[in-house]
Amino acid sequence: MTRAVCPGSFDPVTHGHLDVIERTAQIIDEVVVAVGTNIAKNSLFTPEERVEMLAAECAQWSNVEVTLFGGLLVDFCADNDIDVISKGLRAADLGYELQMAQMNRQLTGVDTLFLPTAPQWAFVSSSLVREVATLGGDVTAFLPAEIATRTMTRVASRNAGAAGDV
Ligand code: PNS
């Protein structure tokens with residue numbers, strides 16, 4: 001029995017993330033999607049909201065569960081009997097993802113499996129989705145329908161709040 005973790009901020013989860021989770025679930029027995037907080041990023045949704053949205057999207061796969069994690073990813077792996085970290089890889093991410101994979105392996109020996117992002121989602125990232133949505137662009141092509149609705153609603157309420165600021 002092999003267990004993988006698909007870690008990320010998922011703020012919000014995109015079609016690209018779900019493609020990587022589905023492909024991981026096709027080759028690994030059990031998959032844990034772990035929602036972490038990237039301290040360098042300004043989040044749109046709370047971690048609990050992201051878990052809830054991901055759980056709904058991942059319910060279609062019987063070997064996938066979704067949970068929150070804090071602290072080091074390698075500690076989460078050790079505590080949850082995770083054998084491998086699975087990540088989607090876009091060309092632009094190679095340097096940083098390689099650095100994290102090597103650091104994680106150095107820390108505890110846990111290895112990282114990289115799946116090349118599907119070409120149709122290669123340019124999609126949650127941070128770009130947040131930026132486009134915040135500036136009034138249409139992000140519906142990049143997100144599941146329910147996530148797109150919630151993203152646009154959250155951005156609208158944020159923008160309304162910001163407009164009220166002095
Ligand atoms: O979707 P993201 O923002 O690329 O996800 C990044 C995340 C949360 C997976 C990454 O920041 C992470 O692993 N954070 C946990 C803290 C940690 O282990 N840091 C050391 C990485 S070598």
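Check the entry above for the structure.
Basis of the calculations
Residues numbered from 1 in each chain as written. Predicted model: local features only at pLDDT ≥ 70, side-chain atom pairs only at ≥ 80, totals over all residues. Heavy atoms only, no water. Helix = DSSP H or I, 4+ residues; strand = E, 2+ residues; numbered from the N terminus. Buried < 20%, exposed > 50% of the residue type's maximum accessible area, 1.4 Å probe, protein only. Polar contact = N/O pair within 3.5 Å; in protein donor to acceptor, adjacent residues only side chain to side chain. Expected span 1.5 Å × (residues − 1). Contact = heavy atoms within 4.5 Å. 1 Å grid on protein atoms, 1.4 Å probe; cavity = no way out; pocket = protein on both sides within 12 Å on 5 of 7 lines; lining within 4 Å. Points joined across faces, edges and corners; volume = space filled by probe spheres on them.

### Some remarks on the side chain of Asp-93
So, point 1. Relative to the assigned elements, Asp-93 resides in the loop between β4 (84–89) and α4 (94–108).
So, point 2. Using a relative accessible area of 18% as the deciding quantity, one classes Asp-93 as buried.
So, point 3. At 2.7 Å, the side chain of Asp-93 and the side chain of Arg-90 are in polar contact.

### Observations regarding helix α1 (residues 15–27)
So, point 1. Taking 1.5 Å of rise per residue, 13 residues should cover 18 Å, and α1 covers 19 Å from first to last C-alpha, within 8% of that figure.
So, point 2. If you check which residues of α1 are buried, you get Gly-16, Leu-18, Asp-19, Val-20, Ile-21, Thr-24 and Ala-25.
So, point 3. Against the buried residues of α1 lie β1 (3–8), β2 (30–35), α2 (47–58), β3 (64–68), β4 and β5 (111–116).
So, point 4. Of the residues flanking the start of α1, the one acting as N-cap is Thr-14, its side-chain oxygen 3.2 Å from the backbone nitrogen of Gly-16.

### Points about the layout of surface pockets
So, point 1. The volume enclosed by the largest pocket comes to roughly 1200 Å³.
So, point 2. The wall of the largest pocket is formed by 45 residues, among which Pro-7, Gly-8, Lys-87, Glu-97 and Met-100 lie closest to the centre.
So, point 3. Looking at the lining of the largest pocket, the elements with two or more residues in it are β1, α1, β4, α4, β5 and α5 (126–134).
So, point 4. Here the lining of the largest pocket takes seven residues from α4, the largest share from any one element.

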